[in-house]
Amino acid sequence: MDFLLNDIHTDLASTVAAIGEKAGGAAVARAWSEGDRTPALTVYGRLAEAGITGLLVDDDLGGSGAGATEMVVAAEQIGRFALPGPVAETFAAVPCALAAAGASDALAALLNGRPATIATSATARRAAAPVDADVYVLRDGALSSGTVVAEHPSVDPTRTVADVEAGAALGTADERAVAHLGALATAAQLIGLGGAMLDIASEYAKARKQFNRAIGSYQAVKHHLADVAIAIEMARPLVHGAAVGLDGNAPADTDVAREVSAAKVAAADAAYLASRRSLQVLGAIGYTAEHDLSLYLTKTRALVSAWGTPAEHRALILETL
């Protein structure tokens, strides 16, 4: 059996990367943090036009009819330019919930580029980034529209979280499937964030000189960055493997749950290592709001605990052994 990505996946990744680069990359997240959400909403619209929002939605419902494997390929590229807003929710969790519930009108709005977020009774108790997004609530299998009760800041200025209450009933959905896809999309984002931070640190290490030598020529710096590269390359197959498992098995399958949790833990660890090591390479400049690295640092810290903390996922892994 061949587990390598094929040309379709490569083209998909290139399409998403091109959309991000054309929009300005990390400049989209910077604009959002300064109060201008128009560039980010434009990106959501372009991704919807390219069929990315509907990757998990069947053709007969207006989607692309792809699967979790394609979704994580796209989500990794989205992570590379730190797209603000409810990414895992818009491209994974909410499409799954709305399609299962048969909420055609709400699904149509999503597929047309409207961001969406969701609160569940398990791993996403608060809705992420509810501003300029449709809000939903999934509790005990019942999906409904949601109303924001209170909004709270997070370490990531582009990703607030909100307490929400349920409104009009929309149908039923499998909360395990939604949680698995939310966690997996977040893991893929973290891989993308880690890769972007590695690139930033590597470029800085080649340009920054000390004692008339590029700091990247020193063994200690090389080893730091090599550790990050290894961590990312070891985590990515776990994310892809969990996606393959989700595409071929029921959400209640114990192996699927364990694979998703392992992927989330590995991706979170790799991205967190990337954030620490890239900051060590850049030094204090990496803390500043003016440097792009700060956007990646804060988003990584927020997503490490999104859709289940590492501790929660490690506990889930232990329960299935």
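Residues numbered from 1 in each chain as written. Predicted model: local features only at pLDDT ≥ 70, side-chain atom pairs only at ≥ 80, totals over all residues. Heavy atoms only, no water.

Student: Is there a simple way to explain the overall build of the protein chain in this structure?
Tutor: When helices and strands are counted, the protein chain shows 11 helices and 7 strands. Its C-alpha radius of gyration of 19 Å places the protein chain within 12% of the 20 Å reference for a compact globule of 321 residues. Taken along its principal axes, the extent of the C-alpha atoms in the protein chain is 65 × 45 × 35 Å. Here the protein chain holds 321 residues, and 52% of them are scored as buried. A sequence separation of at least 24 residues applies to 69% of the contacts in the protein chain between residues at least 6 apart. Here the protein chain has roughly 13,800 Å² of accessible surface; of this, 54% comes from carbon and sulfur atoms. Distance between charge centres in the protein chain, computed from 24 positive and 36 negative side chains, equals 11 Å. (Helix = DSSP H or I, 4+ residues; strand = E, 2+ residues; numbered from the N terminus. Rg over C-alpha atoms; globule rule 2.2 N^0.38 Å. Buried < 20%, exposed > 50% of the residue type's maximum accessible area, 1.4 Å probe, protein only. Contact = heavy atoms within 4.5 Å. Areas by Shrake-Rupley, 256 points an atom, 1.4 Å probe, with all protein chains shown as cover. Lys, Arg positive; Asp, Glu negative; His and termini not counted. Charge placed at Lys NZ, Arg CZ, Asp CG, Glu CD.)

Student: Whenever I open this one, the sheet that holds strand 5 (residues 161-172) confuses me. Can you help?
Tutor: Backbone-to-backbone hydrogen bonds join strands into a sheet, with any given pair of strands oriented parallel or antiparallel. With mixed pairing, the 5 strands of this open sheet are ordered in space as 1-3-4-5-2. Every interior strand has two partners, whereas the edge strands, strand 1 (116-120) and strand 2 (127-128), have only one. Relative to strand 4 (residues 142-152), strand 3 (residues 134-139) runs antiparallel, the two sharing 4 bridges. Within strand 4, the position partnered with Tyr 136 by the bridge is Ser 145. (Pairing = 2+ DSSP bridges.)

Student: Help me understand unusual backbone geometry, please; the structure alone is not making it clear to me.
Tutor: Trans is the common state for peptide bonds, and a negative phi is the common state for residues other than glycine. Within the chain, Ala 82 stands out as a residue other than glycine whose phi angle is a positive 50°. Here Phe 211, not a glycine, exhibits a phi torsion of approximately 55°, which is positive. Along the polypeptide, Phe 211 turns up in the loop between strand 6 (209-210) and strand 7 (213-214). Owing to a relative accessible area of 70%, Phe 211 belongs among the exposed residues under this scheme.

Student: Can you help me understand the packing of helix 1 (residues 7-23) against helix 3 (residues 38-49) in this one?
Tutor: Two quantities define a packed helix pair, namely the angle between the axes and the distance from one axis to the other. Contact pair helix 1 / helix 3: the axes reach a minimum separation of 10 Å and the direction vectors enclose 155°. Relative to helix 3, helix 1 is oriented roughly antiparallel. Note on packing geometry: the crossing formed by helix 1 with helix 3 is right-handed. Seen from helix 1, the contacting residues are Val 16, Ile 19, Lys 22 and Ala 23; seen from helix 3, they are Val 43, Arg 46 and Leu 47. Here the residues of the contact of helix 1 with helix 3 sort into 5 nonpolar, no polar and 2 charged. (Axes fitted to C-alpha atoms, helices over the stretch in contact; angles between N-to-C directions. Parallel < 35°, antiparallel > 145°, perpendicular 65-115°, else oblique. Left-handed = near helix turned anticlockwise from the far one by under 90°. Nonpolar A, V, L, I, M, F, W, Y, C, P; charged D, E, K, R; others polar.)

Student: Quick question: what am I supposed to make of the side chain of Thr 117 here?
Tutor: Looking at the secondary structure, you find Thr 117 in strand 1. For Thr 117, the side chain forms a polar contact with the main-chain oxygen of Ala 128, separated by 2.7 Å. In contact with Thr 117, other than residues within four places in its own chain, are Pro 86, Glu 89, Val 94, Ala 127, Ala 128, Ala 129, Pro 130, Ala 133, Asp 134, Val 135 and Tyr 136. (Polar contact = N/O pair within 3.5 Å; in protein donor to acceptor, adjacent residues only side chain to side chain.)

Student: When you look at the nonpolar core in this model, what are you seeing that I'm missing?
Tutor: Looking at soluble globular proteins, one finds that nonpolar side chains tend to be buried together. Grouped together as the largest cluster of nonpolar side chains are 75 residues, with contacts concentrated most on Leu 98, Ile 118, Val 239 and Trp 307. Ranked by size, the runner-up nonpolar core spans 19 residues in total, among them Val 28, Val 43, Phe 81 and Phe 91. (Core = buried A, V, L, I, M, F, W, Y, C linked by side-chain atoms within 4.5 Å.)

Student: Mind showing me how you'd approach the environment of Ala 108 here?
Tutor: Inspection of the secondary structure puts Ala 108 in helix 6 (residues 104-111). Residue Ala 108 is classed as partly exposed on the basis of its relative accessible area, which comes to 34%. Taking C-alpha positions, Ala 108 is 19 Å from Gly 167, a pair spaced 59 residues apart along the chain.

Student: Whenever I open this one, the packing of aromatic side chains confuses me. Can you help?
Tutor: What describes a pair of aromatic rings is the distance from one ring centre to the other and the angle between the planes of the rings. A full pass over the atoms with the stated rule returns 1 aromatic pair. Relative to Phe 91, the ring of Tyr 44 lies with its centre 5.7 Å away and its plane at 10°, an arrangement referred to as stacked. Residue Tyr 44 is found in helix 3, and its partner Phe 91 is found in helix 5 (residues 87-101); the two are separated by 47 residues along the sequence. A relative accessible area of 5% means that Phe 91 is categorised as buried. Seen from the ring of Tyr 218, Arg 213 lies directly overhead, with NZ or CZ sitting 4.3 Å from the centre. (Phe/Tyr/Trp six-rings, centres within 6.5 Å; stacked < 30°, edge-to-face > 60°. Lys NZ or Arg CZ within 6 Å of the ring centre and 35° of its normal.)

Student: Sorry if this is basic, but what is going on with the pattern of salt bridges here?
Tutor: A side chain with one charge may pair with a side chain of the opposite charge, provided their charged atoms come close. In the structure shown here, the tally under the stated rule is 15 salt bridges. A salt bridge links Glu 76 to Arg 236; the shortest N-O distance between them is 2.9 Å. Note that Glu 76 is positioned in helix 4 (residues 68-80) and Arg 236 in helix 8 (residues 219-248), a separation of 160 residues in sequence. Exposure class is identical for Glu 76 and Arg 236. Each is buried. Between Glu 89 and Arg 159 there is a salt bridge, with the nearest N and O atoms lying 4.0 Å from each other. One end of the pair, Glu 89, is in helix 5; the other, Arg 159, is in the loop between strand 4 and strand 5, and 70 residues separate them in sequence. (Salt bridge = Lys/Arg side-chain N within 4 Å of Asp/Glu carboxyl O.)

Student: Help me understand helix 4 in this model?
Tutor: Quick reminder: α-helices carry 3.6 residues per turn. Residues three or four places apart thus point the same way. In this model, helix 4 (13 residues) spans 18 Å end to end at C-alpha, consistent with the 18 Å of a helix rising 1.5 Å per residue. Across the 13 residues that make up helix 4, a large majority, 12, are buried. When we look at burial in helix 4, the residues that qualify are Ala 68, Thr 69, Glu 70, Met 71, Val 72, Val 73, Ala 74, Ala 75, Glu 76, Gln 77, Ile 78 and Gly 79. On its buried face, helix 4 is in contact with helix 1, helix 3, helix 5, helix 7 (175-207), helix 8 and helix 10 (292-304). (Expected span 1.5 Å × (residues − 1).)

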